[in-house]
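Overview (structure and organization)
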Amino acid sequence: MTGEQILFGLFALLACGGAISVVLCQSVVRMAFSLIVSLASVSALFFLLNADFVGATQLMVYVGGTLVLLIFGVMLTASSPFVRIRTSPAEGFLAGGIGILFLALVAFTIGAVDWDATTAKLPAPATVATAGHNSAESGNTMRPLALALAGLRPDAPGGSGYLLPFEIVSMHLLVVLVGAAYIARTKRNARSAAQSRAG
Amino acid sequence: MDASGLSPVLWVGAFLFVCGVVCMTTKRNGIGVLMGVELVLNGANLNFIGFSRYTALGLDGQVFSLFVIVLAAAEAAVALAIALNFYNNHLTIDVDRGDELRG
């Protein structure tokens, strides 16, 4: 067992354990913290799989942004301490059973494929290609990713870059932020309306 | 390329996906459903990065993962805005209470 395999096993266990804990926890705050553990472990897996920029982005955007947003949502929608929203055990068993069956199906399919033979059937990558895209002196993956998002593909000459999706995603983020701010704006909510009617 | 390390990555991705789907279907708390969505997206991202590392997919898998992360963040923002709106109107985040079509 090389060190890399041990680290992979450790972070895979953390990620899967966190995911199981998200499913099984009844308190939404504990679910949020289990999800933090799981997503940080997924980020570590990204680093182990030579995706250093994507791993750093996952830590910053997902763990540091999206999950903090979810925790804010948990705090803003907190129910009273004696009201517990639970699923019935029958539904839980049914969903768990179907989930396990689906996982077995997918895992068996994954294990039954010979990935080396499948890759050998694909057209060979371009000659300038992927040999250098992870080497340290060419900026690991950050420089090829930055060039690809700017429209250049030095690692696959003749391929188009990702400039158009980059611009579309930028506009998408702007639209989403404006829309979310509009939807979640402060309005007279049901509680204050009831109080003003009663008072 | 040696693709023998690909299957464990795909298994972890599949496990995260299934946990996310079970979370989406069983949780009554709206925020819990959102957490399931995040798990599903991370399972798919792990798939992309695994194929990028072990097969001829190369850089494209990582660019896709970046876009998935960005779009997941945007979708979480909108979904939380909707959840807050629901909470303001119904004073509960229990999704089983959202069974009327009137506004």
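All values reported here derive from a predicted model rather than from experimental measurement.

**Overview of the overall build of chain B**
Helix and strand counts for chain B come out as three helices and zero strands. Overall, chain B shows an N-to-C arrangement of helices and strands of α-α-α. C-alpha atoms of chain B, sized along the principal axes, occupy 55 × 25 × 15 Å. A buried classification covers 57% of the 103 residues belonging to chain B.

**Considerations on the overall build of chain A**
Scanning chain A for helices and strands turns up eight helices and zero strands. Sequence-ordered secondary structure for chain A, helices as α and strands as β, is α-α-α-α-α-α-α-α. With 199 residues in all, chain A has 24% of them scored as buried.

**Some remarks on the confidence of the model for chain B**
Mean pLDDT over chain B: 90, with 98% of residues reaching 70 or higher. In the predicted assembly, ipTM is 0.92 and pTM is 0.88.

**Let's talk about the environment of V78(B)**
With respect to the element layout, V78(B) can be found in helix 3 (residues 59-90). A residue is classified by how many C-beta atoms lie within 10 Å of it, and V78(B), with 16 of them, is partly exposed. Ignoring anything within four residues of it in the chain, the contact list for V78(B) reads V176(A), G179(A) and A180(A).

**Some points on helix 3 of chain B**
When the terminal C-alpha atoms of helix 3 of chain B are compared, their 46 Å separation across 32 residues agrees well with the 46 Å that a helix rising 1.5 Å per residue should span. A positive phi of about 60 degrees marks L91(B), the residue just after helix 3 of chain B.

**Things to note about the nonpolar core**
Formed by 70 residues in total, the largest nonpolar core has its most connected members in V22(A), L45(A), L16(B), C19(B) and M35(B). Among the secondary structure elements, those contributing two or more residues to this core are helix 1 (3-24), helix 2 (28-48), helix 3 (52-76) and helix 6 (142-149) of chain A together with helix 1 (6-26), helix 2 (30-54) and helix 3 of chain B. With 14 residues, helix 3 of chain B is the single largest residue contributor to this core. Residues in contact with L45(A), not counting those within four places in the same chain, are F8(A), F11(A), A12(A), A15(A) and L46(B).

**Overview of the interface of chain B and chain A**
Counting residues at the interface gives 65 residues for chain B, matched by 73 residues for chain A. Looking at the side of chain B that touches chain A, the elements with two or more residues in it are helix 1, helix 2 and helix 3 of chain B.

**Thoughts on the domain arrangement of chain A**
One frequent convention defines the size of an interface as the accessible area lost when the parts assemble. One can read the domain layout of chain A as domain 1 (1-79) and domain 2 (139-186). Between domain 1 of chain A and domain 2 of chain A, the contact holds four residues from the first and four residues from the second.

**Overview of the environment of A15(A)**
Assignment of secondary structure puts A15(A) in helix 1. Classification of A15(A) as buried rests on a count of 28 C-beta atoms within 10 Å. Spatially, the C-alpha atom of A15(A) lies 35 Å from that of S160(A), the residues being 145 residues apart in sequence. In this view, A15(A) contacts S38(A), S41(A), V42(A), L45(A), V12(B) and L16(B); residues no more than four positions away in its chain are not counted.

Reading guide: rules and limits
- For every chain, the first residue of its written sequence is number 1, and the numbers climb from 1 along that sequence.
- Chains carry letters from A onward and ligands carry numbers from 1 onward, assigned in written order.
- Predicted model: local features are reported for residues with pLDDT of at least 70 only, side-chain atom pairs are reported and counted for 80 or more only, and whole-chain, interface and lining totals are derived from all residues.
- By definition, any uninterrupted DSSP run of H or I lasting at least four residues is a helix, any uninterrupted run of E lasting at least two residues is a strand, and each is numbered from the N terminus.
- Here exposure depends only on C-beta density: within 10 Å of a residue's C-beta, 20 or more other C-beta atoms make it buried, 12 or fewer make it exposed, and intermediate numbers make it partly exposed, the C-beta atoms being placed from the backbone.
- The predictor reports its confidence for every residue as pLDDT, a score running from 0 up to 100.
- Residues are scored as being in contact if the C-beta atoms we place from backbone atoms lie within 7 Å.
- Take the number of residues in a helix, subtract one, and multiply by 1.5 Å to get its expected span.
- In this usage, the nonpolar core is the set of buried Ala, Val, Leu, Ile, Met, Phe, Trp, Tyr and Cys residues whose C-beta atoms join them within 7 Å.
- For the domains described, the bounds stem from an automatic or database domain assignment.

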